[in-house]
Amino acid sequence: MIDLRSDTVTRPTAGMRAAMAAAEVGDDVYGEDPTVNRLESLAAEMIGTEAALFATSGTQSNLLALMSHCQRGDEYIVGQQAHTYKYEAGGAAVLGSIQPQPLELEDNGTLDLERVRAAIKPDDFHFARTRLLCLENTQLGKVLPLSYLAEAAAFAGKHGLALHLDGARVFNAAVKLKVDVQTITGHFDSVSVCLSKGLGAPVGSVLCGTKPFIKTARRWRKMLGGGMRQAGILAAAGIFALEHQVQRLAEDHKNAALLASGLQSIPGMGVEPFSADTNMVFTTLKPQNGMALAVFLKERDILVSPSGRNRLVTHLDVSEADIRTVIEAIQQFMTGG
Ligand SMILES: *Cc1c(COP(=O)(O)O)cnc(C)c1O
């Protein structure tokens, strides 16, 4: 099987499994799991914050951030298509009593700051209190420009908003730009990073921020049922990912670029602008054709998301040879063979 549905499908590598098996563990709810503690300090050091917290998933990590920045009756401004708004089951509203103010994203994955400004509510008891601006990087595989991040940080400061980054794939952005990840994360008050996407760990995310912020988030994590015990077995995978599987994201980007250029050379097939900015390629097929393509490919042991325009994601379990196989199969599909 060549599975291009998502980079969440990656399996732990042999080195990662060995690290997990050898992990020293303790009860993390007591703060006594040395491996979890090591992951949290490593994440904080890499992202450039005072502290970090190991969370069960990116959804939980983002929710902890929203609930730690905002009180009941506060509001966060977020992209209409952002994960923290659209794909987290409304958790901020349901569990945090936090009102989302979604805004349409620009084509490059940014939120127009003039539109954000217009959405900030005045201090008036008719309105929710606008507290937080939430960005996502990468956004559907797109890398947000560094200049924009600096502008967004200055903007948030000027308007008294906290700034959170859903950095599920922030290392993809850093590797793509060939910069230290702190060049990106340094602009934010808090950052959530997924260990279980392209970094290849089986489970988990880290939330990074100041010590008081992480202390608050730790309480919410316990309330949400995210206090884990001998979690060092999982944290060991996260440490291995951060120490050994960051720079290799460049291979995924190279494979995505190869895939995009291969698809573009097939008559009738197109890819969306910004495709292959990092590890995602979006075809321009009409939904019905996209569905048919997914069925065709599945019969050839290739999995792609069947919904609408096809999203093809490269990751550590997809090789360059696999990409050539996929291009050939899609070529066959397009020429009716
Ligand atoms: C995957 C993802 C998350 C978190 O998802 P989980 O499946 O809960 O780990 C958050 N934001 C973005 C942009 C993501 O892609």
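A quick note: this is a predicted structure, and the numbers were derived from the prediction, not measured.

(A) Representation of the overall build of the protein chain in the model. When helices and strands are counted, the protein chain shows 14 helices and 11 strands. If one aligns the C-alpha atoms of the protein chain with their principal axes, the spans along those axes are about 60 × 50 × 35 Å. A burial count over the protein chain gives 55% of its 337 residues as buried. Put simply, of all contacts in the protein chain between residues at least 6 apart along the chain, 74% involve residues at least 24 apart. Roughly 14800 Å² of accessible area belongs to the protein chain as shown, and the carbon and sulfur atoms make up 52% of that amount. Averaging the positions of the 32 positive and the 36 negative side-chain charges in the protein chain gives two centres separated by 3 Å.

(B) Up close: the layout of surface pockets. Estimates place the volume of the largest pocket at around 720 Å³. Put simply, the parts of the chain that give the lining of the largest pocket at least two residues each are helix H4 (83-86) and strand E9 (280-282). Taken together, the residues of the lining of the largest pocket sort by class into 7 nonpolar, 9 polar and 10 charged. Taken domain by domain, the makeup of the lining of the largest pocket includes at least three residues from each of domain 1 (10-244) and domain 2 (248-335). As a volume, the second largest pocket reaches approximately 160 Å³. Around the second largest pocket sit Met-67, Ser-68, Cys-70, Gln-71, Arg-72, Leu-95, Gly-96, Ser-97, Ile-98, Thr-216 and Trp-220, which together line it. Put simply, the parts of the chain that give the lining of the second largest pocket at least two residues each are helix H3 (58-69), helix H5 (91-96) and helix H10 (211-223).

(C) A look at the environment of Leu-161. For Leu-161, the position within the fold is in the loop between helix H7 (146-158) and strand E6 (162-166). Judged by relative accessible area, Leu-161 falls into the buried class, the value being 6%.

(D) Structural context of H3. Between its first and last C-alpha atoms H3 spans 16 Å; for 12 residues at 1.5 Å apiece the expected length is 16 Å, and the two agree. Taken across its 12 residues, H3 has 11 buried, putting it largely inside the fold. Its side-chain oxygen 3.4 Å from the backbone nitrogen of Thr-59, Ser-57 forms the N-cap of H3.

(E) Just the sheet that holds strand E7 (residues 190-194), in detail. Ordered in space as E2-E8-E7-E6-E5-E3-E4, the 7 strands form an open sheet in which the pairing is mixed. Lying at the two open borders of the sheet, with one neighbouring strand each, are strand E2 (51-55) and strand E4 (99-103). Ignoring strand direction, the axes of neighbouring strands in this sheet form an average angle of 20°. Strand direction decides the pairing type here: E2 and strand E8 (residues 205-209), joined by 5 bridges, are antiparallel. Opposite Ala-51, over in E8, you have Gly-209 as the bridge partner. On the sheet, H7 packs against strand E5 (129-136) and E6 and is oriented at approximately 170° with respect to E5.

(F) Just the pattern of salt bridges, in detail. Considering all chains together, one arrives at 13 salt bridges under this definition. Here Arg-115 and Glu-106 are joined by a salt bridge, their closest N and O atoms 3.3 Å apart. Note on Arg-115: relative accessible area 41%, which makes it partly exposed. Relative accessible area serves as the criterion here: at 30%, Glu-106 is assigned to the partly exposed category.

(G) The side chain of Arg-169, seen in detail. Residue position: Arg-169 is located in the loop between E6 and helix H8 (170-177). Setting aside its immediate chain neighbours within four residues, Arg-169 contacts Ser-6, Asp-7, Asn-137, Thr-138, Lys-197, Asn-279 and Met-280.

(H) Region of the structure containing the domain arrangement of the protein chain. The domains assigned to the protein chain are domain 1 (10-244) and domain 2 (248-335). Counting residues at the interface gives 18 residues for domain 1 and 15 residues for domain 2. Between Asp-277 and Lys-176 there is a salt bridge; the shortest N-O distance is 3.7 Å. Here domain 1 and domain 2 share 5 residue pairs in polar contact (both at pLDDT 80 or more) between them. For the side of domain 1 that touches domain 2, a count of residues per class yields 5 nonpolar, 8 polar and 5 charged.

(I) Structural context of the site of the ligand. Close to the ligand lie Ser-57, Gly-58, Thr-59, Asn-62, His-83, Glu-88, Glu-136, Asp-166, Ala-168, Arg-169, Cys-194 and Lys-197. Within the side chain of Asp-166, one N or O atom sits 2.6 Å away from a nitrogen atom of the ligand. Interatomic distance of 2.8 Å between a side-chain N/O atom of Lys-197 and an oxygen atom of the ligand. Taken by itself the ligand offers 380 Å² of open surface, and the protein chains cover 81% of this. Among the elements that take part in the shell around the ligand, H3 stands out by supplying 3 residues, more than any other.

(J) Summary view of the packing of helix H13 (residues 287-298) against helix H14 (residues 320-334). Relative to each other, H13 and H14 sit at 125°, their axes nearing to 10 Å. Regarding the angle of H13 to H14, the classification is oblique. The chirality of how H13 crosses H14 is right-handed. Side by side, H13 and H14 meet where Asn-289, Ala-292, Leu-293, Phe-296 and Leu-297 of the first sit next to Ala-329, Ile-330, Gln-332 and Phe-333 of the second. In the contact of H13 with H14, the residues fall into 7 nonpolar, 2 polar and no charged.

Rules and cut-offs
Residues numbered from 1 in each chain as written. Predicted model: local features only at pLDDT ≥ 70, side-chain atom pairs only at ≥ 80, totals over all residues. Heavy atoms only, no water. Helix = DSSP H or I, 4+ residues; strand = E, 2+ residues; numbered from the N terminus. Buried < 20%, exposed > 50% of the residue type's maximum accessible area, 1.4 Å probe, protein only. Contact = heavy atoms within 4.5 Å. Areas by Shrake-Rupley, 256 points an atom, 1.4 Å probe, with all protein chains shown as cover. Lys, Arg positive; Asp, Glu negative; His and termini not counted. Charge placed at Lys NZ, Arg CZ, Asp CG, Glu CD. 1 Å grid on protein atoms, 1.4 Å probe; cavity = no way out; pocket = protein on both sides within 12 Å on 5 of 7 lines; lining within 4 Å. Points joined across faces, edges and corners; volume = space filled by probe spheres on them. Nonpolar A, V, L, I, M, F, W, Y, C, P; charged D, E, K, R; others polar. Domains from an automatic or database assignment. Expected span 1.5 Å × (residues − 1). Polar contact = N/O pair within 3.5 Å; in protein donor to acceptor, adjacent residues only side chain to side chain. Pairing = 2+ DSSP bridges. Axes fitted to C-alpha atoms, helices over the stretch in contact; angles between N-to-C directions. Salt bridge = Lys/Arg side-chain N within 4 Å of Asp/Glu carboxyl O. Near = heavy atom within 4 Å. Parallel < 35°, antiparallel > 145°, perpendicular 65-115°, else oblique. Left-handed = near helix turned anticlockwise from the far one by under 90°.

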